[in-house]
Amino acid sequence: MESLFITVEGTDGAGKSTQIEYLKEFLQTKEFTVTITREPGGTRISEKIRNIILDKNNIEMSDRTEALLYAASRAQHVEETIVPALRRGDIVICDRFVDSSMVYQGRGRSLGYEAVKIINDFATGQLEPDLTILFDVKPEISLKRINAKKKGDRLEREKLSFHQEVHNGYRDLAKMFPNRIIRIDASRSVKQIRKDIELIIENLLSTKENT
Ligand code: TYD
């Protein structure tokens, strides 16, 4: 089988990281080589950009600067990590990708989907995931999970209405790209979500094998 590029998306606190770990184990038991990575970050340079973006003190950052920094971090990540891993034939699982910029900057910051898409097409050379798993949970619920754990970075500290826009943005994208984005109800138990994801991946693997 050739390589696969899977992205995982959702509002802050939707529970992505736990499930990414499970998914990694699941694929490794099937003898796949898995590369797990995340955005913003994933390379030395991208992690530096991440620190600038998420720094709680950078309150004066303009929305366009924010969008361009995410895209810059992504450009490095695609070239240095994602594309080489795909060329090796790995299954790449990336925690957030262009869809995050579409909803956080495009909708949350009101820059518009079109503008965000243009800068990201430039940044990624139009690389698109084979599959995107969208963790769908109301921000009222997911934000409580974060607040219980930590103080939150610059984006997480945004008010509830911002996160509601992000959540609605993800629902827009799921409608715009029904073949690529699979929405799962992330308000349920860890065990149920894990089962759902394993099923989705089994289906994807069998369609890939038959093509
Ligand atoms: P992170 O701590 O990685 O959040 P999470 O664990 O929820 O993934 O912080 C990333 C933050 O950056 C998160 O609030 C979402 C936001 N973000 C954007 O606004 N645009 C983007 O393109 C990306 C990748 C992330």
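The structure we're discussing is the one just above.
Residues numbered from 1 in each chain as written. Predicted model: local features only at pLDDT ≥ 70, side-chain atom pairs only at ≥ 80, totals over all residues. Heavy atoms only, no water.

A. Quick peek at the overall build of the protein chain. The secondary structure content of the protein chain amounts to 8 helices and 5 strands. What you see in the protein chain, going N to C, is helices and strands ordered as β-α-β-α-α-β-α-α-β-α-α-β-α. Expected size for 211 residues packed as a compact globule is a radius of gyration near 17 Å; at 16 Å, the protein chain falls within 12% of this value. When its C-alpha atoms are laid out on the principal axes, the protein chain stretches across 50 × 35 × 30 Å. The burial tally for the protein chain puts 48% of its 211 residues in the buried class. Pairs at least 24 residues apart make up 80% of the contacts formed inside the protein chain by residues separated by at least 6 positions. Accessible surface, the protein chain as shown: approximately 10,900 Å² in total, 50% of it carbon and sulfur. Of the charged side chains in the protein chain, 34 are positive and 33 negative; the average position of the first set lies 5 Å away from that of the second. (Helix = DSSP H or I, 4+ residues; strand = E, 2+ residues; numbered from the N terminus. Rg over C-alpha atoms; globule rule 2.2 N^0.38 Å. Buried < 20%, exposed > 50% of the residue type's maximum accessible area, 1.4 Å probe, protein only. Contact = heavy atoms within 4.5 Å. Areas by Shrake-Rupley, 256 points an atom, 1.4 Å probe, with all protein chains shown as cover. Lys, Arg positive; Asp, Glu negative; His and termini not counted. Charge placed at Lys NZ, Arg CZ, Asp CG, Glu CD.)

B. Region of the structure containing the site of the ligand. Taken together, 15 residues sit near the ligand, with Asp-12, Lys-16, Tyr-70, Arg-96 and Ser-101 positioned nearest. At 2.8 Å, a side-chain N or O of Tyr-70 approaches an oxygen atom of the ligand. A distance of 2.5 Å separates an oxygen atom of the ligand from a polar atom in the side chain of Ser-101. Compared with its free state, where it exposes 550 Å², the ligand has 91% of that area covered by protein. Secondary-structure elements contributing two or more residues to the shell around the ligand are α2 (44–54), α3 (63–88) and α4 (98–108). Among the elements that make up the shell around the ligand, the one with the highest residue count is α4 (4 residues). Here the shell around the ligand is built from residues that sort into 5 nonpolar, 3 polar and 7 charged. (Near = heavy atom within 4 Å. Polar contact = N/O pair within 3.5 Å; in protein donor to acceptor, adjacent residues only side chain to side chain. Nonpolar A, V, L, I, M, F, W, Y, C, P; charged D, E, K, R; others polar.)

C. Inspection of the nonpolar core at higher detail. Core analysis: the largest hydrophobic core is formed by 27 residues, its most contacted members being Phe-5, Ile-82, Phe-97 and Tyr-104. Elements represented by at least two residues in this core include exactly α2, α3, β3 (91–95), α4 and α7 (160–176). With 6 residues, α3 is the single largest residue contributor to this core. Ignoring anything within four residues of it in the chain, the contact list for Phe-97 reads Phe-5, Thr-7, Glu-9, Glu-39, Arg-74, Val-78, Ile-82, Thr-124, Leu-127 and Pro-129. Of all hydrophobic cores here, the second largest spans 23 residues; its members include Ile-6, Val-8, Ile-197 and Leu-204. (Core = buried A, V, L, I, M, F, W, Y, C linked by side-chain atoms within 4.5 Å.)

D. Looking closely at the packing of aromatic side chains. Scanning all chains against the criterion turns up 2 aromatic pairs. Pairing Phe-5 with Phe-97 gives two aromatic rings, centres 5.1 Å apart and planes at 85°, and the pair type is edge-to-face. Of this pair, Phe-5 sits in strand β1 (residues 4–10) while Phe-97 sits in the loop between β3 and α4, placing them 92 residues apart in sequence. You can call Phe-5 buried: its relative accessible area is 1%. Using a relative accessible area of 1% as the deciding quantity, one classes Phe-97 as buried. Seen in terms of ring centroids, Tyr-104 and Phe-162 are 6.1 Å apart; in terms of plane orientation they differ by 55°. Their pairing is tilted. Linking Tyr-104 in helix α4 with Phe-162 in helix α7, this pair joins segments that are 58 residues apart in sequence. Considered together, Tyr-104 and Phe-162 belong to a single accessibility category, that of buried residues. It is Arg-74 that lies over the ring of Phe-97; its NZ or CZ is 5.6 Å from the centre. Here the basic side chain of Arg-180 rests over the ring of Phe-177, its NZ or CZ set 5.0 Å away from the ring centre. (Phe/Tyr/Trp six-rings, centres within 6.5 Å; stacked < 30°, edge-to-face > 60°. Lys NZ or Arg CZ within 6 Å of the ring centre and 35° of its normal.)

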